[in-house]
Amino acid sequence: MTSPAPDKERVRREDHALARAVVRGEPESLALLGLRLRSVCRMLAHLDQRAGGILDDHELADVTQDVIVIVWRKLPEFEGLSTLESWFYGICVLELRNAVRRNLR
C-alpha cells in the first residue's frame, strides 16, 4: 500500500487544524467552516439525483440541516483521516439513507 500524496496529507492536516480551531471558538475558522459546509447542499442534491430523485426540495433541505447539525456536534471527533468534504460526504450518505427509509415507511 502506498502512502498518500503529500498534498492530500497537507490538506488533511489543515482540515484537522481547522476543526480544532472551530472547536476552540476562533471566529475566522467558523467562517471558513461555513464556506466549506456549502458543499453539503451540492453533495445531497447529487446523491438524491443518483438515487432517482426520491426526496422533494423540503425533505432535501431538512436532510441538509440534519447533516450540518451532525457535523457541528461531531466536529470535536474529526481526526483528520480524510478531508472535511470527504467526511461531510460520508455523513450525507448516511443521512440521505435514513431520510429515504423514513419516506418508505
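For the structure itself, consult the block above.
So, a few notes on the structure that sits alongside this text. Just so it is clear, the structure is predicted and the values come from calculations on it, not from any experiment.

Before going further, it helps to examine the nonpolar core. Counting residues in each nonpolar core, the largest one holds 24 residues, and the members touching the most others are Leu44, Val67, Leu75, Leu84, Trp87 and Phe88. Ranked by the residues each element gives to this core, the list is headed by helix α5 (residues 84–104), at seven residues. In this structure, Leu75 is in contact with Ala19, Arg20, Val22, Val23, Leu33, Leu84 and Trp87, ignoring residues within four places of it in sequence.

When you line up the elements, Arg36 lands in helix α2 (residues 27–37). Judged by its relative accessible area of 19%, Arg36 is buried.

Right, let's talk about the pattern of salt bridges for a bit. Under the counting rule described, the total for this entry stands at six salt bridges. Here Arg10 ties to Glu14 by a salt bridge, and the two come within 3.0 Å at their closest N and O atoms. On the criterion of helical spacing, the pair formed by Arg10 and Glu14 is a turn pair, its members being four residues apart in helix α1 (residues 6–24). Given the relative accessible area of 44%, Glu14 is considered partly exposed. One salt bridge in this structure joins Lys74 and Glu77, with 3.9 Å as the shortest N-O distance. According to the relative accessible area criterion, Lys74 is partly exposed, its value standing at 30%. Connected through shared salt-bridge partners, Asp15, Arg36 and Glu85 make up one network.

Let us now look at α2. All of the buried residues along α2 are Ser29, Leu33, Arg36 and Leu37. Relative to the axis of α2, the buried residues are bounded by an arc of 95° and lie together on one face. In α2, those exposed residues whose orientation departs by more than 90 degrees from the buried face are Pro27 and Glu28.

A few words now on helix α3 (residues 39–50). Along its twelve residues, α3 runs 17 Å from first to last C-alpha, staying within 8% of the 16 Å computed at 1.5 Å per residue. Every buried residue belonging to α3 is among Ser39, Val40, Met43, Leu44, Leu47 and Asp48, and all of these are buried. Seen from one end, α3 has its buried residues packed into an arc of 160°, which puts them on one side. Exposed side chains of α3 directed beyond 90 degrees from the buried face belong to Arg42 and Gln49. Buried residues along α3 sit in contact with α2, α4 (57–74) and α5. The first or second residue beyond α3 is Gly52, which carries a positive phi of 100°.

Our next topic: the packing of aromatic side chains. Tallied over the full model, the rule gives two aromatic pairs. Geometrically, the ring pair formed by Phe78 and Trp87 is tilted, given 5.1 Å between the ring centres and 55° between the ring planes. Per residue, the accessibility class of Phe78 equals that of Trp87, and both read buried. Ring centres 6.3 Å apart and planes at 45° place the aromatic pair Trp87 and Phe88 in the tilted group.

What counts and how
Residues numbered from 1 in each chain as written. Predicted model: local features only at pLDDT ≥ 70, side-chain atom pairs only at ≥ 80, totals over all residues. Heavy atoms only, no water. Core = buried A, V, L, I, M, F, W, Y, C linked by side-chain atoms within 4.5 Å. Buried < 20%, exposed > 50% of the residue type's maximum accessible area, 1.4 Å probe, protein only. Helix = DSSP H or I, 4+ residues; strand = E, 2+ residues; numbered from the N terminus. Contact = heavy atoms within 4.5 Å. Salt bridge = Lys/Arg side-chain N within 4 Å of Asp/Glu carboxyl O. Arc of directions from axis to C-beta. Expected span 1.5 Å × (residues − 1). Phe/Tyr/Trp six-rings, centres within 6.5 Å; stacked < 30°, edge-to-face > 60°.

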